[in-house]
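These are the residues of each chain, in order.
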Amino acid sequence: MGGTSPVASARQESDRTVRPRFGTVVATRSNRAGQADGDLALPTAVCPGSFDPVTFGHVDVIARAARMFDQVTVAVLHNPAKQSLFTLNDRMAMLSEAAAQLSGVSIESFQGLLVDFCRARDITVVVKGLRAGVDFDYELQMAQLNSRLAGLETIFVPTSPQWSFVASSLVKEVAAHGEDVSGLVPAGVVARLRARLDAS
Ligand code: PNS
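Numbering of residues starts from 1 in each chain and follows the order in which that chain's sequence is written. Residue-level local features of this predicted model are given only where pLDDT is at least 70; pairs of side-chain atoms are given and counted only at 80 or more, and the full residue set underlies all totals for whole chains, interfaces and linings.

Colleague: Got a minute to help me understand the nonpolar core in this structure?
Modeller: Note on soluble globular proteins: their nonpolar side chains tend to be buried together. For our purposes the nonpolar core covers buried Ala, Val, Leu, Ile, Met, Phe, Trp, Tyr and Cys residues that link as a set through C-beta atoms within 7 Å. For every residue, the other C-beta atoms within 10 Å of its own C-beta are counted; 20 or more classify it as buried, 12 or fewer as exposed, and values in between as partly exposed. C-beta atoms are placed from the backbone. Formed by 40 residues in total, the largest nonpolar core has its most connected members in Ala45, Cys47, Ile62, Ala65, Val72, Val74 and Leu95. Sorting elements by how many residues they give to this core places helix H3 (residues 56-68) first, with 7 residues. In contact with alanine 45, other than residues within four places in its own chain, are Ala65, Phe69, Val72, Ile123, Val125, Val126 and Val127. The way it works is that DSSP assigns letters per residue, a run of H or I at least four long becomes a helix, a run of E at least two long becomes a strand, and they are numbered from the N terminus. Contacts are defined on C-beta atoms placed from the backbone: any two residues whose C-beta positions lie within 7 Å are in contact.

Take a look at the structure:
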């Protein structure tokens, strides 16, 4: 299985086009004078998730968020109550490798509520990928609750069609049965999946 990685696609795209950056049309926090009340300043966004493991679908969304925002914080949920295949450290390491070529992207972890993570960092915007209708109801509910709790704004990014069927859970399932997933996840994830599944 092969294919162009989302980071390479995003780079090719930005070579062809003038990078649209909100910073050029919307004031940043340090440059808010003259903005009307209620205008959004959008220097920073968060891309939250479990990333167990990161897929090319995730990388696509993170890369596109990085083209819209000066800083993108990828927030990896540490939920001790939920069994994950990979440890938090492994999930963060795979994300760091996958996002190494993307400027302005940092990887952090969080425990508890996303709104608390965002409040502590003065982040007001969440970017989430939407694959299909099945994602929508749950994502809408979370977006509305996050808005109610902390005024968080959520921007939904439609997943690029080539990744719309890719989900961490499916990748793990087919990899466990020996399928080649190298076209669905970054190379570092393929290697760690193999090692993790061989060990179990
Ligand atoms: O990769 P996932 O599983 O789709 O990510 C879901 C995630 C981590 C973004 C979501 O479950 C979350 O934000 N969890 C943190 C706990 C929280 O804030 N719950 C209330 C959501 S309204």
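Colleague: Explain the site of the ligand to me, please; I cannot follow it from the model alone.
Modeller: Proximity of a residue to a molecule or strand is defined by its backbone-placed C-beta atom lying within 6 Å of that partner. In the vicinity of the ligand, the residues found are Pro48, Gly49, Ser50, Leu77, Leu113, Leu114, Met142, Leu145 and Asn146. Just so you know the grouping, Ala, Val, Leu, Ile, Met, Phe, Trp, Tyr, Cys and Pro go in nonpolar, Asp, Glu, Lys and Arg go in charged, and all remaining residues, Gly too, go in polar. Considered class by class, the residues forming the shell around the ligand number 6 nonpolar, 3 polar and no charged.

Colleague: Looking at this structure, I do not really get the packing of helix H4 (residues 88-98) against helix H8 (residues 187-199). What am I missing?
Modeller: Helix packing geometry: the angle between the two helix axes and the distance between the axes. Note on geometry: axes are C-alpha line fits, over the in-contact stretch for helices, and angles between N-to-C directions span 0 to 180 degrees. Running from N to C, H4 and H8 point in directions that differ by 155 degrees, and their axes come no closer than 9 Å. Compared by their axis directions, H4 and H8 come out roughly antiparallel. Of H8, the residues touching H4 (which contributes Asp90, Met94, Glu97 and Ala98) are Gly188, Val189 and Arg192. Partitioned by chemical class, the residues of the contact of H4 with H8 number 3 nonpolar, 1 polar and 3 charged. Any angle from 65 to 115 degrees is called roughly perpendicular, while one under 35 is roughly parallel, one over 145 is roughly antiparallel, and all others are oblique.

Colleague: Explain the confidence of the model for the protein here, please?
Modeller: Do not read the fine detail of predicted coordinates wherever pLDDT is low. The quantity known as pLDDT measures the predictor's confidence residue by residue, on a range of 0 to 100. Per-chain confidence: the protein averages 86 in pLDDT, with 80% of residues scoring 70 or above. Here residues 14-35 scores under 50 on pLDDT; set against residues more than four positions off or in separate chains, the count is 22 contacts.

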